[in-house]
Amino acid sequence: MENSGEMEKVVAVIMVGGPTKGTRFRPLSFNTPKPLFPLAGQPMVHHPISACKRIPNLAQIFLIGFYDEKEFALYVSSISNELRVPVRYLKEDKPHGSAGGLYHFRNLIMEDGPSHIFLLNCDVCCNFPLPDMLEAHKRYGGMGTMLVVKVSAESANQFGTLVSDPVTNELLHYTEKPETFVSDLINCGVYIFTPDIFSAIEDVSNDREDRVTANLRRLSSIDISTSTRTNIPTDFVRLDQDILSPLSGKKQLYTYETMDYWEQIKTPGISLKCSGLYLAQFRLTSPHLLASGDGTRSATVVGDVFVHPSAKVHPTAKIGPNVSISANVRVGPGVRLISCIILDDVELEDNAIVINSIVGWKSSLGRWSRVQADGDYNSKLGITILGESVVVEQEVVVVNSIVLPNKILNVSVQDEIIL
Amino acid sequence: MKALILVGGFGTRLRPLTLSVPKPLVDFANKPMILHQIEALKAIGVNEVVLAINYQPEIMLNFLKGFEAKLGIKITCSQETEPLGTAGPLALARDKLLDDSGEPFFVLNSDVISEYPLKEMIQFHKAHGGEASIMVTKVDEPSKYGVVIMEESTGQVEKFVEKPKIFVGNKINAGIYLLNPSVLDRIQLRPTSIEKEVFPKIAAEKQLFAMVLPGFWMDIGQPRDYITGLRLYLDSIRKKSSEKLATGPHIVGNVLVDETAKIGEGCLIGPDVAIGPGCVVESGVRLSRCTVMRGVRIKKHACISSSIIGWHSTVGQWARVENMTILGEDVHVGDEIYSNGGVVLPHKEIKSSILKPEIVM
């Protein structure tokens, strides 16, 4: 019995979605899968993956989604080598819902006989306190434990809101995006389950199949499409509505509250905020990833900044805080960067300025050009976004705007979406 | 020869610059506007200038005292106690303008900048032998002004049409006159308009002649026209005395830099820029279509276009100042700030960006 704890294997499943999801992430999701969009210089999915590495006895990490395998092939092989943990991408033939997707690949997930399965959504940004969740989950003794966080009462209805027992932490009530105020505690999209979760999903699926058959019998003479029930395929199982809601208050699900940061990475604007949160975490966990400099031999660096080793930054530039510079970027003399993400192969010419913006792959900014925004992460044009291969000509100013790929800006714009 | 310069009042249209000095003392192309006129007058032999002024005459006189000696010209003030229009000030200054010589005298509007072809005007005046000469200039939109209808070959003025709704001509009164002393007998000491009351009568007697002003003309009484006026003025300097303009790999187009100003490395300056005495332009700065007045510091990597930077102001590192931004005296724009058309009153510090044109009190 004493050894059993060490023997118990754990696997992690990260739901990455697919190309028909993440439309709110346009124009940055046009040609890069959202899970690979870099935050703090690392692909979005890298942050939950590296958090999984801290789980004791981690056997495997699975990414489940409906993107093409080849989109993830390169990343999956390099991260497997780096972490020395097998990371596999499992492609769904169609969306199954997060519970359905998990169930679809149950045989592969269970091949190492894990005692626990972590399930993480890729589009959340937090510090993923996975070992602490595992400990709590074992104490509670239920089938599943979910990470929860308190948010403002006004924003709670945009999420899965829940009520948990203040003493036992049992999940008492769960409702997805309620119209009225239910609670200020919300679901973070990070769970740990025992393998019993598969039977719970199976029950939902079977129940639905029964109902479909029943409906078909009843509706034999009526057009089937008039029945809404039949529109949900039997193997499509949502975690929130189909599992969490019905199982709440049955001593099977528990909550673990994080007091730390949490964001859902819905839009490019939020991704800039999340990039900053991850950079701040690097300051604590991996300061070697952050750049430094005082303007003598390398650029002046202020606050938390990531610079890819292949990027060339002129010593007269001043960078930070919250700046992430990706591969092969060239930052010219006298460039100023504040709170921004500069993606691969961008050229920033002399004295260009970027504030509260994301500059897309292969874009170029001319001399004394200026790309900026108010920095309101939640408003539609609060962060300026330049899509791939956008050219901002010399001295042009772009303020609070979104520019779709392959545009050439030779006059200044403000508060516009440029198609 | 004598001359009267109509200075007028508060110069509200050129605020916030005129909150610090009277309008004629606002710098244009690195010297006070009125000096352009006084120097042009001195150059053709005027030895006494009367300023018709109704606001802060002591500041003007104090300032101009130094120039009296330097230029060898007598400068006096004729102060209105009430607004007298465009003709009344002539009656008020009658005693100062009249002497035994019987020579004509010039009347200049202080808002106007041009090449001041005063010598040609004297020749024109002598040639036609009439009582009064006025300069006219061609404009694109004559409906905004008073249009002068004249006989093209002789220049004899037929009539004035104020702000015509339909096209009657495109030559307007340029605000530069050469008048025989007898004209003063036609003006009463009361608020009165020279264009509406005095000139039409002289024209009716076929004694008024108009000369088309060669070269540029601009009323620089408001910021947009001030910036346009600088471009026209520098174009004219390029043609007449290009050695006054700056040269070098960092200069584009016409740029006037005071010899006491310092410019750092990696800058790109021009076109149509004036940098005043004692200014410091640090490295990596971009300036175009702007005026940088005395004692200003532009910090590294800043970019300024189509703007006026008032005396002793500073513009921070990586700041962007553009689109008719007018900084009054002693305004300080913080690092990385963007001003899009901010009009800033004197002695202010700008700590957050101005994204849309607005006035900062």
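Residues numbered from 1 in each chain as written. Chains lettered and ligands numbered in written order. Predicted model: local features only at pLDDT ≥ 70, side-chain atom pairs only at ≥ 80, totals over all residues. Heavy atoms only, no water.

Draft legend 1. Summary view of the pattern of salt bridges. Residues and elements named next belong to chain B. Scanning the entire structure with this criterion turns up 29 salt bridges over all chains. Its salt-bridge partner being Glu48, residue Lys2 comes within 3.5 Å of it at the nearest N-O pair. One end of the pair, Lys2, is in strand β1 (residues 2-8); the other, Glu48, is in strand β4 (residues 48-53), and 46 residues separate them in sequence. On the basis of relative accessible area, Lys2 is assigned to the buried category, the value being 11%. The salt bridge involving Arg94 is made with Asp185; its shortest N-O contact spans 3.0 Å. Linking Arg94 in helix α4 (residues 94-97) with Asp185 in the loop between β11 (171-179) and α6 (194-204), this pair joins segments that are 91 residues apart in sequence. What makes Asp185 exposed here is its relative accessible area of 57%. The network of salt bridges with shared partners includes Lys2, Glu48, Lys74 and Asp99. (Salt bridge = Lys/Arg side-chain N within 4 Å of Asp/Glu carboxyl O. Helix = DSSP H or I, 4+ residues; strand = E, 2+ residues; numbered from the N terminus. Buried < 20%, exposed > 50% of the residue type's maximum accessible area, 1.4 Å probe, protein only.)

Draft legend 2. The arrangement of unusual backbone geometry in detail. Residues and elements named next belong to chain A. Residue Pro27 follows Arg26 across a cis peptide bond; omega there is 0°. Even without being a glycine, Glu395 presents a positive backbone phi close to 70°. Among the structural elements, Glu395 can be located in the loop between β26 (391-392) and β27 (397-399).

Draft legend 3. Examining the state of the cysteines more closely. In this structure the tally under the stated criterion is 0 disulfides over all chains. With no disulfide of its own, A:Cys52 lies 11 Å from the sulfur of A:Cys126, the closest cysteine sulfur. (Disulfide = S-S within 2.5 Å.)

Draft legend 4. Geometry of the pairing of strand β10 (residues 157-162) of chain B. All names here are of chain B. Where strand β9 (residues 146-150) meets β10, 5 bridges bridge the pair, whose relative direction is antiparallel. From the neighbouring strand, Val148 faces β10, where its bridge partner is Phe160. Where β9 folds back on β10, the antiparallel hairpin that results is connected by 6 residues, among which Gly155 adopts a positive phi of roughly 85°. (Pairing = 2+ DSSP bridges.)

Draft legend 5. Molecular detail of the interface of chain B and chain A. The interface of chain B with chain A comprises 21 residues on the first partner and 23 residues on the second. In this assembly, chain B packs against chain A so that about 1500 Å² is buried in total across both faces, 50% of it on carbon and sulfur atoms. Of all residues in chain B, B:Trp318, B:Arg320 and B:Glu336 bury the most surface against chain A, accounting for 40% of the area lost on that side. Counting across the chain B and chain A interface gives 3 salt bridges. Salt-bridge contacts for B:Arg286 lead to A:Glu395; the nearest nitrogen and oxygen are separated by 2.4 Å. Viewed at the interface, chain A and chain B are joined by 12 residue pairs in polar contact (both at pLDDT 80 or more). Among the residues making up the side of chain B that touches chain A, the classes are represented as 10 nonpolar, 6 polar and 5 charged. (Contact = heavy atoms within 4.5 Å. Buried area = accessible area lost by both parts, 1.4 Å probe. Polar contact = N/O pair within 3.5 Å; in protein donor to acceptor, adjacent residues only side chain to side chain. Nonpolar A, V, L, I, M, F, W, Y, C, P; charged D, E, K, R; others polar.)

Draft legend 6. Spotlight on the UniProt feature "domain: Mannose-1-phosphate guanyltransferase C-terminal" (unreviewed entry) in chain A. As annotated in UniProt, the feature "domain: Mannose-1-phosphate guanyltransferase C-terminal" (unreviewed entry) corresponds to residues 301-418 of chain A in the numbering used here. Overall, residues 301-418 of chain A shows 0% helix and 42% strand. The separation of its end C-alpha atoms is 32 Å. (UniProt positions renumbered as here; feature names shortened; annotations may be inferred.)

Draft legend 7. Main features of the domain arrangement of chain A. All names here are of chain A. In terms of domain boundaries, chain A breaks down into domain 1 (2-265) and domain 2 (269-418). Its C-alpha centre places domain 1 at a distance of 33 Å from the equivalent point of domain 2. For the domain 1 and domain 2 pair, buried surface summed over both sides reaches about 1900 Å², with 71% attributable to carbon and sulfur atoms. Ranking the residues of domain 1 by area buried against domain 2 places Pro27, Leu28 and Ala40 at the top, with a combined share of 28%. Inspection of the region where domain 1 meets domain 2 yields 1 salt bridge. Note that Lys273 and Glu263 form a salt bridge whose closest N and O atoms lie 2.8 Å from each other. Where domain 1 meets domain 2, there are 4 residue pairs in polar contact (both at pLDDT 80 or more). Counting residues per element, the ones that place at least two in the side of domain 1 that touches domain 2 are β2 (38-39), β7 (124-126) and β13 (262-264). Per-element accounting of the side of domain 1 that touches domain 2 gives the leading share, 3 residues, to β7. Split by residue class, the side of domain 1 that touches domain 2 holds 14 nonpolar, 7 polar and 1 charged. (Domains from an automatic or database assignment.)

Draft legend 8. Geometry of the sheet that holds strand β29 (residues 408-409) of chain A. All names here are of chain A. As summarised here, the arrangement of the 6 strands in space is β16-β19-β21-β23-β26-β29, forming an open sheet in which the pairing is parallel. Two strands bound the open sheet, and with one partner strand each, they are β16 (312-313) and β29. In this structure, strand β23 (residues 364-365) lies alongside β26, joined through 2 bridges in parallel fashion. Bridging across to β26, Leu365 finds its partner in Val392.

Draft legend 9. The arrangement of the sheet that holds strand β18 (residues 280-281) of chain B in detail. All names here are of chain B. Spatially, 6 strands are ordered β15-β18-β20-β22-β25-β28 in an open sheet, and the strand pairing comes out parallel. Every interior strand has two partners, whereas the edge strands, β15 (262-263) and β28 (349-350), have only one. As paired elements, β15 and β18 share 2 bridges and run parallel to each other. Paired with Ile263 across the strands is Val281, a residue of β18.

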